[in-house]
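# Fold and contact review
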Amino acid sequence: MIDLRSDTVTRPTDGMRRAMLKADVGDDVFGEDPTINRLEEYVADLLGKEAAIYCPSGTMTNQIGVFVNTHRGDEVLLHEGAHIFNYEGGAPALLSGVQVRTLPGEGGAISPDTVREAIKPENVHFPRQRLLCLENTHNRAGGRVFPLEDFAAASEAAREYGLRVHLDGARLFNAQAATGIPAREWCAHADTVSVCSSKGLGAPVGSLLAGGEETIREARRARKAFGGGMRQAGIIAAGSLYAFENHVERLAEDHKRARKLADGLRDAGYSVSEPETNIVLVESEDPAGLIEALGRAGVLATLGTTPAAGRSGTVRLCTHLDVDDSAVETAVEAASSVIAQALGG
Ligand SMILES: Cc1ncc(COP(=O)(O)O)c(C=O)c1O
């Protein structure tokens, strides 16, 4: 089976496993895990922030980001395709007591005008608008990069009205690899940033929330309250540290393979978007049927966008650390055989 469902399916490399095996550990709730302390400092520095906190998942770092930037009853602005809105179990309402307002935008980006149009005047009838969440790269938009200038402009529009900005950067280093722009340049336009070590970077678990010293102190309280205070977690954090130190540069290889995959699928007759990073979206009138047929041919894929009733949707294929050139070739051959069979060949 070639597993292209997500870049979260990777298994730790031998080097990563060795780093995990010899990790120094301590009780992280007491702040005594030397590996976690090193990882938090390393990532804060990488992102140009004062501090960072290690958490079990990107959902937790996003939701702590929402929590520390808002109060109950506030409104959070985000893109209609945002992971925080679509795939985190309604957590902004559940954990922070906030309501979300979704905004449209091409490729997962939100324009400054769209932000300004969503702003409400001060009035007792209206919720306080406290936070804008942006996502880069954008998962549901097929790994699209939020161009730095546009990102800065959207952030500036929100800040004009006193909103804070959270960046869901689960795949921020894919944006860096695709553009050559250091990740920290996007972070300069956000108050809090979530990054994941368990996506394209290939660690088995772990995400970090970075921000100002005071904000991350609050995040530490929230992490404990949300049940994310871990003990000798340096054993897993060592995998994350290894990932940040060794797997950022190589993301460009995943992007190259995604383009190769897209070209092969297009040649085979599929309608495919041009990938900017490591996610390929294939348009289909029957995405669930296509996923099933690909699975029978030995390729695992997943739904990109869930189609509305009677409408076409997309199938998502993701390249990652465990996908080499020959896996891409085999996947293209398998997908070609699916089309040939559908045409009765
Ligand atoms: C853009 C984005 N943000 C956040 C997450 C959540 O990460 P986790 O699965 O670690 O909770 C994901 C997961 O795929 C994601 O794609």
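Higher on the page you've got the structure.
Okay, so let's go over this structure. (Residues numbered from 1 in each chain as written. Predicted model: local features only at pLDDT ≥ 70, side-chain atom pairs only at ≥ 80, totals over all residues. Heavy atoms only, no water.)

## Quick notes on the pairing of strand E2 (residues 51-55)
Taking burial as the measure, the five residues of E2 include five buried ones, the bulk of the element. Burial along E2 is two-sided: the residues Ala51, Ile53 and Cys55 and Ala52 and Tyr54 are all buried. Alignment of E2 against strand E8 (residues 207-211), held across five bridges, turns out to be antiparallel. Across the sheet, the residue bridging to Ile53 is Leu209, located in E8. (Buried < 20%, exposed > 50% of the residue type's maximum accessible area, 1.4 Å probe, protein only. Helix = DSSP H or I, 4+ residues; strand = E, 2+ residues; numbered from the N terminus. Pairing = 2+ DSSP bridges.)

## Let's talk about empty space enclosed by the protein
Under the defined criterion, the tally for this structure stands at two cavities of 30 Å³ or more. Roughly 70 Å³ of volume is contained in the largest cavity. As for the largest cavity, its lining consists of Leu4, Leu261, Leu265, Tyr270, Val282, Leu290, Leu294, Val299, Leu317, Ala331 and Ala335. The set of elements that each furnish at least two residues to the lining of the largest cavity consists of helix H12 (251-267), helix H13 (287-296) and helix H14 (325-342). Residue composition of the lining of the largest cavity, by class: 11 nonpolar, no polar and no charged. Residue lining of the second largest cavity: Ala170, Arg171, Phe173, Asn174, Cys196, Lys199, Gly200, Leu201 and Leu251, and that is the complete set. Considered class by class, the residues forming the lining of the second largest cavity number five nonpolar, two polar and two charged. (1 Å grid on protein atoms, 1.4 Å probe; cavity = no way out; pocket = protein on both sides within 12 Å on 5 of 7 lines; lining within 4 Å. Points joined across faces, edges and corners; volume = space filled by probe spheres on them. Nonpolar A, V, L, I, M, F, W, Y, C, P; charged D, E, K, R; others polar.)

## Overview of the site of the ligand
The local shell around the ligand consists of Ser57, Gly58, Thr59, Asn62, His83, Glu88, Glu135, Asn139, Asp168, Ala170, Arg171 and Lys199. Contact between the ligand and Gly58: an oxygen atom at 2.8 Å from a main-chain N or O atom of the residue. The contact in question runs from a nitrogen atom of the ligand to an N or O atom on the side chain of Asp168, over 2.7 Å. Notes on the ligand: free accessible area 390 Å², of which the protein chains cover 84%. In terms of residue count, helix H3 (residues 58-69) provides more of the shell around the ligand than any other element does, three residues in total. Of the residues contributing to the shell around the ligand, the split by class is one nonpolar, six polar and five charged. (Near = heavy atom within 4 Å. Polar contact = N/O pair within 3.5 Å; in protein donor to acceptor, adjacent residues only side chain to side chain. Areas by Shrake-Rupley, 256 points an atom, 1.4 Å probe, with all protein chains shown as cover.)

## As for the side chain of His79
One can find His79 in strand E3 (residues 75-79). Of the polar contacts made by the side chain of His79, one reaches the backbone nitrogen of Gly81; its length is 2.8 Å. A polar contact of 2.7 Å, which involves the side chain of His79, links it to the backbone oxygen of Gly105. In this view, His79 contacts Thr102, Leu103, Pro104, Gly105, Gly108, Ala109, Ile110, Cys133 and His138; residues no more than four positions away in its chain are not counted. (Contact = heavy atoms within 4.5 Å.)

## A look at the sheet that holds strand E12 (residues 302-303)
Ordered in space as E9-E10-E13-E12, the four strands form an open sheet in which the pairing is antiparallel. The sheet is open, and its two edges are formed by strand E9 (271-272) and E12, each paired on a single side. Judged from the six bridges that link them, strand E10 (residues 279-284) and strand E13 (residues 313-318) form a sheet pairing that is antiparallel. When the sheet's bridge partners are listed, Ile279 is paired in E13 with Cys318. Packing of H12 onto the sheet brings it into contact with E9, E10 and E13, and relative to E10 it is tilted by some 20°. (Axes fitted to C-alpha atoms, helices over the stretch in contact; angles between N-to-C directions.)

## Some points on the pairing of E10
Along E10, five of the six residues are buried, which leaves the element largely enclosed by surrounding structure. As paired elements, E9 and E10 share two bridges and run antiparallel to each other. Paired with Val272 across the bridge in E10 is Val282. Following E9, the chain reverses through six residues before pairing antiparallel with E10.

## With respect to the sheet that holds strand E7 (residues 192-196)
Sheet strands pair via backbone hydrogen bonds, and the direction of the pair is either parallel or antiparallel. Read across the sheet, seven strands follow the order E2-E8-E7-E6-E5-E3-E4 without closing on themselves; strand pairing throughout is mixed. A strand with exactly one partner marks an edge of an open sheet, and here the two such strands are E2 and strand E4 (99-103). Averaged over all pairs of adjacent strands, the angle between their axes in this sheet comes to 20°, without regard to strand direction. Strands E2, E7 and E8 of the sheet are contacted by helix H2 (residues 34-47), whose axis makes an angle of about 125° with E2.

## Examining unusual backbone geometry
With the exception of glycine, the majority of residues adopt a negative phi angle, and the majority of peptide bonds are in the trans configuration. In this structure, the amide linkage connecting Asn136 to the following residue, Thr137, adopts the cis form with an omega of -5°. Relative to the assigned elements, Thr137 resides in the loop between strand E5 (129-135) and helix H7 (148-160).

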